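Each chain is listed here by its residues.
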Amino acid sequence: MKKGAEILVESLIKEGVEYIFGLPGAVLCDVYDVLYDSPLKFIITRHEQAAAHAADGYARGSGKAGVCMVTSGPGATNIVTGLATAYMDSIPLVIITGQVPTSMIGDDAFQEADIAGITRTISKYNYLVKDVNDLARTIKEAFYIATTGRPGPVLIDLPKDVLSGKAKYEYPEEVHIRGYNPNVQGHLKQIEKIAERISESEKPVIYIGGGVILSGADQEVEKLAEAINAPVASTLMGLGGFPGDHELFLGMLGMHGTYWSNMAVNHADLIIAVGARFDDRVTGRIDKFAPNATVIHIDIDPATISKNVQVDLPVVGDAKEVLRELNVKVKEKIKKKPERASWFSEIKSWKEKHPLSYTRDKKSVKPQWVIEKICEMAGENAIITTDVGQHQMWVAQYYKFKKPRTLLTSGGLGTMGYGLPAAIGVKLAKPDCPVINITGDGSFQMNMQEIATAVAYKIPLIVVILNNNTYGMVRQYQSLFYNKRYYATDLDANPDFVALAQSFGAAGLRVENEKDFDPIFKQALAEKRPVIIDIKTDKDEKVFPMVPSGGSVKDIMVN
Amino acid sequence: MKHVISVLVENKFGVLARVAGLFSARGFNIASLSVGETTDTTVSRMTIITSGDDQIIEQVIKQLRRIIDVIKVSDLTDESYVEREMVMIKVNADNKVRAELMQIVDIFRSKIIDVSPKGFIIEATGDSNKIDALLDLLKPFGIKEIARTGCAAMSRGSQKNHK
Ligand SMILES: Cc1ncc(C[n+]2csc(CCOP(=O)(O)OP(=O)(O)O)c2C)c(N)n1
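Residues numbered from 1 in each chain as written. Chains lettered and ligands numbered in written order. Predicted model: local features only at pLDDT ≥ 70, side-chain atom pairs only at ≥ 80, totals over all residues. Heavy atoms only, no water.

S.K.: Let's hear about the overall build of chain A: which residues, and what values?
M.R.: In terms of helices and strands, chain A carries 23 helices and 20 strands. If one aligns the C-alpha atoms of chain A with their principal axes, the spans along those axes are about 70 × 60 × 40 Å. Within the structure as shown, chain A displays about 21900 Å² of accessible surface, and the carbon and sulfur contribution to it stands at 50%. Averaging the locations of the 63 positively and 67 negatively charged side chains of chain A gives two centres separated by 4 Å. (Helix = DSSP H or I, 4+ residues; strand = E, 2+ residues; numbered from the N terminus. Areas by Shrake-Rupley, 256 points an atom, 1.4 Å probe, with all protein chains shown as cover. Lys, Arg positive; Asp, Glu negative; His and termini not counted. Charge placed at Lys NZ, Arg CZ, Asp CG, Glu CD.)

Here's what the structure looks like:
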């Protein structure tokens, strides 16, 4: 017989967990008492939201499930944003929440919240374990559900008496859930049809999303693109799923995507969407999206098929598995690599017409320039985390991601405050890679307390604040669509970020002009502790191109 | 268009909330929902009546299938199926109209399950059309209260996929 807390910890060890991100609470003391003697490392964050983001960063960096453990009531409600963030981006997490004893559930007991109810629509699945005998099976199932099919966060709510109660411990070898049988292998006949359609296409575009990264299908995408000689556009979540410096790469598509990738999609006769969900930030006005194209959609989640855009040829399956088959079929069908000279020259002309560009001036350091510099100096192993806003879009546009899992960003929910805790998580998963959080002054202040966590665990990471003293992206909307009637967007009482960093025991550095950047960034890369770099930028710098929301490519604003 | 969707689910707490939550979170409307255990007590059947165009219904079904506790989803609408609903109706019934009411009850093969000096409680089963028709007929007498169960439905014949 074992105590629930022992069952929990032993099961986590069996699942290969290294780190638990969390924040304490008295209901979890049974667990800490077991963790005390275990090899697991508990990383205490300063806020539960950050614990969830850190576990998420660990998961995105490693490809394994991230684990987060927080207390009942307010601890549990504080993770809601982290959970929703992971849910929207299909990130595998196992979140453990303490709960009041079963006898008190529903009594409005001290620090009680119905977290299973609260998180039902933002988790892939959740459990309230009421009997310690169900605990081992529940944990096994939770990891299985989180990491298979379309991944996602799973929450396990554990009442105090379940953690202190005793049961026979047997960790199940296998999982059987009647209603859950993800379809990994794609339908072969359908794959053959797709190969056929590809061989007839004259203006194909491959459109990759986060699913390519989650399933590890990047090599297969590259092989497909080269075999059929098709340009590749990526969503924000797909960046890194195809080499950013490859000649077939068009860059990001959608709202802040490149002009030429949007034009290419608009003129394509075939769209091959892989692990992407036709998010509204990508499609803009649905009825004007890729009007001339046959749409192929490869995705593990049948519910994404024809959800937004009507799909002509769907294949439900794991992107890597399906593409592997597809590549075989394509090889049979396409003997000679098509040249597509006119298609590529069309794309080239769009690229020349409106390249990505910004103007440098003496007055201020341009954020786009900073991103290009970081990309150049950090090396291809560097992992970038971002927050949400203009800086995020500039990263997507100007940083050349060459490998999967090197960009960690909240694509679906768009969570400001994600970047720093995610950087902590990913640095623990990938200690040998430089980790840089590129953020805005607004976003940084949402979880800046986590500098303390990074300092406490000696986690060297770099935070680059593109400090424009405003909620830049919202200000940009006000500037373009509300007649410059700026409201609720100025950040007048920003702290001195350099002094702030230093007060945490981190290094604080400041870049005032372009020539400061090289030495300071070099120093940051060499530091063995967290570094915060404050870079003053211009409030009125804007992200272009931009397709106004609900608009189509025809409405694209290039400057 | 009206659709009758039959859903087999794990018989666990929280499942009803998950299914109902799916509808509310996406703004899909539920006209009726009924739940009960099947012969396998670990499995319940929900019958959901909803309406929408084909694309919405396709989404509803895909989203239902995505719920981990959902074992099987079938849209009965295009199959041959039977549906039944039960209703209890409390209706005014003084001496003058009792005979007439009893006749209506008879024609509809329903039952009077409670009698008081002022009224009856009538129990009726049938498909929703029949129940609506009965309610229409009773309305002039003065209906005081009704309790409808919502529909239960089952495909006809020997298809074994619906437990
Ligand atoms: C938690 C949260 N609150 C509000 C928003 C809405 N929002 C989107 S972008 C943005 C401004 C971001 O400002 P900042 O972090 O300074 O970055 P910048 O746009 O200036 O680069 C805001 C407030 C959000 N995405 N997330």
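S.K.: Please provide a residue-by-residue account of the overall build of chain B, values included.
M.R.: A tally of helices and strands in chain B yields 4 helices and 9 strands. Ordering the α and β elements of chain B from the N terminus gives β-α-β-β-α-β-β-α-β-β-α-β-β. If one aligns the C-alpha atoms of chain B with their principal axes, the spans along those axes are about 55 × 30 × 30 Å. With 163 residues in all, chain B has 45% of them scored as buried. Put simply, of all contacts in chain B between residues at least 6 apart along the chain, 74% involve residues at least 24 apart. If you sum the accessible surface of chain B, you get close to 8700 Å²; carbon and sulfur atoms cover 53% of it. (Buried < 20%, exposed > 50% of the residue type's maximum accessible area, 1.4 Å probe, protein only. Contact = heavy atoms within 4.5 Å.)

S.K.: Would you mind going over the nonpolar core in detail, with residue names and values included?
M.R.: Residues and elements named next belong to chain A. Membership of the largest hydrophobic core comes to 68 residues, with the highest contact counts inside it found for Ile 374 and Ile 533. A total of 6 residues in this core trace back to one element, the largest contributor, which is helix H16 (residues 367-378). Contact partners of Ile 533, with chain neighbours within four places excluded, come to Ile 462, Val 463, Val 464, Ile 465, Leu 509, Val 511, Ile 520, Phe 521 and Ala 524. Judged by nonpolar contacts, the second largest core, of 46 residues, contains Ala 52, Cys 68, Tyr 418 and Phe 497. (Core = buried A, V, L, I, M, F, W, Y, C linked by side-chain atoms within 4.5 Å.)

S.K.: Residues and numbers for the site of the ligand, please.
M.R.: Residues and elements named next belong to chain A. The environment of the ligand is made up of 17 residues, and the closest members are Gln 390, Gly 414, Gly 442, Ser 443 and Gly 472. In this structure, a nitrogen atom belonging to the ligand sits 2.9 Å away from a main-chain N or O atom of Gly 414. Side-chain polar atom of Asp 441 to an oxygen atom of the ligand: 3.3 Å apart, as the coordinates give it. Taking 590 Å² as the accessible area of the ligand by itself, protein coverage stands at 75%. Within the residue set of the shell around the ligand, elements represented by two or more residues are helix H17 (390-398), helix H19 (441-444) and helix H21 (472-481). Grouping the constituent residues of the shell around the ligand by class yields 6 nonpolar, 10 polar and 1 charged. (Near = heavy atom within 4 Å. Polar contact = N/O pair within 3.5 Å; in protein donor to acceptor, adjacent residues only side chain to side chain. Nonpolar A, V, L, I, M, F, W, Y, C, P; charged D, E, K, R; others polar.)

S.K.: Tell me what's going on with the interface of chain A and chain B, and back it up with residues and numbers.
M.R.: The partner chain B presents 22 residues to the 21 residues of chain A that form the contact. Of all residues in chain A, Arg 120, Tyr 125 and Arg 178 of chain A bury the most surface against chain B, accounting for 38% of the area lost on that side. Close ionic contact of Asp 301 of chain A with Arg 66 of chain B constitutes a salt bridge, the shortest N to O distance being 2.9 Å. If you look at where chain A meets chain B, you find 11 residue pairs in polar contact (both at pLDDT 80 or more). With 3 residues, the top contributor of residues to the side of chain A that touches chain B is strand S6 (residues 125-128) of chain A. Residue classes in the side of chain A that touches chain B are distributed as 9 nonpolar, 5 polar and 7 charged. (Buried area = accessible area lost by both parts, 1.4 Å probe. Salt bridge = Lys/Arg side-chain N within 4 Å of Asp/Glu carboxyl O.)

S.K.: Please give an account of the packing of aromatic side chains that cites residues and values.
M.R.: A complete count under the given rule lists 18 aromatic pairs over all chains for this structure. Considering the side-chain rings of Trp 343 of chain A and Trp 350 of chain A, the 6.2 Å spacing of their centres and the 85° angle between planes classify their relative orientation as edge-to-face. Exposure class is identical for Trp 343 of chain A and Trp 350 of chain A. Each is buried. With centroids separated by 5.5 Å and ring planes inclined at 80°, the aromatic side chains of Tyr 358 of chain A and Tyr 398 of chain A adopt a geometry described as edge-to-face. Of this pair, Tyr 358 of chain A sits in the loop between helix H15 (341-353) and H16 while Tyr 398 of chain A sits in helix H17; the two residues are 40 residues apart in sequence, bridging distant segments of the chain. When its relative accessible area of 6% is taken as the criterion, Tyr 398 of chain A is described as buried. Among the aromatic side chains, those forming a connected cluster through ring pairs are Tyr 19, Phe 21 and Tyr 58 of chain A. Between the NZ or CZ atom of Lys 130 of chain A and the centre of the ring of Phe 13 of chain B, over which it lies, the distance is 4.4 Å. (Phe/Tyr/Trp six-rings, centres within 6.5 Å; stacked < 30°, edge-to-face > 60°. Lys NZ or Arg CZ within 6 Å of the ring centre and 35° of its normal.)

S.K.: Break down the state of the cysteines for me, with residues and values.
M.R.: Residue and element names in this part refer to chain A. Applying the stated criterion to the full structure yields 0 disulfides over all chains. Here Cys 375 is not disulfide-linked; the sulfur of Cys 433 is the nearest cysteine sulfur, at 15 Å. With a relative accessible area of 14%, Cys 433 lands in the buried category. (Disulfide = S-S within 2.5 Å.)

S.K.: How would you summarise the packing of helix H1 (residues 15-25) of chain B against helix H2 (residues 54-66) of chain B if you had to cite specific residues and measurements?
M.R.: Residues and elements named next belong to chain B. Following both chains from N to C, one finds H1 and H2 inclined at 145°, their axes separated by 10 Å at the closest point. Where H1 crosses over H2, the two elements pack in a sense that is right-handed. Contact with H1, carried on its side by Val 19, Leu 22 and Phe 23, involves Val 60, Gln 63 and Leu 64 of H2 and no other residues of that element. Its residues assigned to classes, the contact of H1 with H2 shows 5 nonpolar, 1 polar and no charged. (Axes fitted to C-alpha atoms, helices over the stretch in contact; angles between N-to-C directions. Left-handed = near helix turned anticlockwise from the far one by under 90°.)

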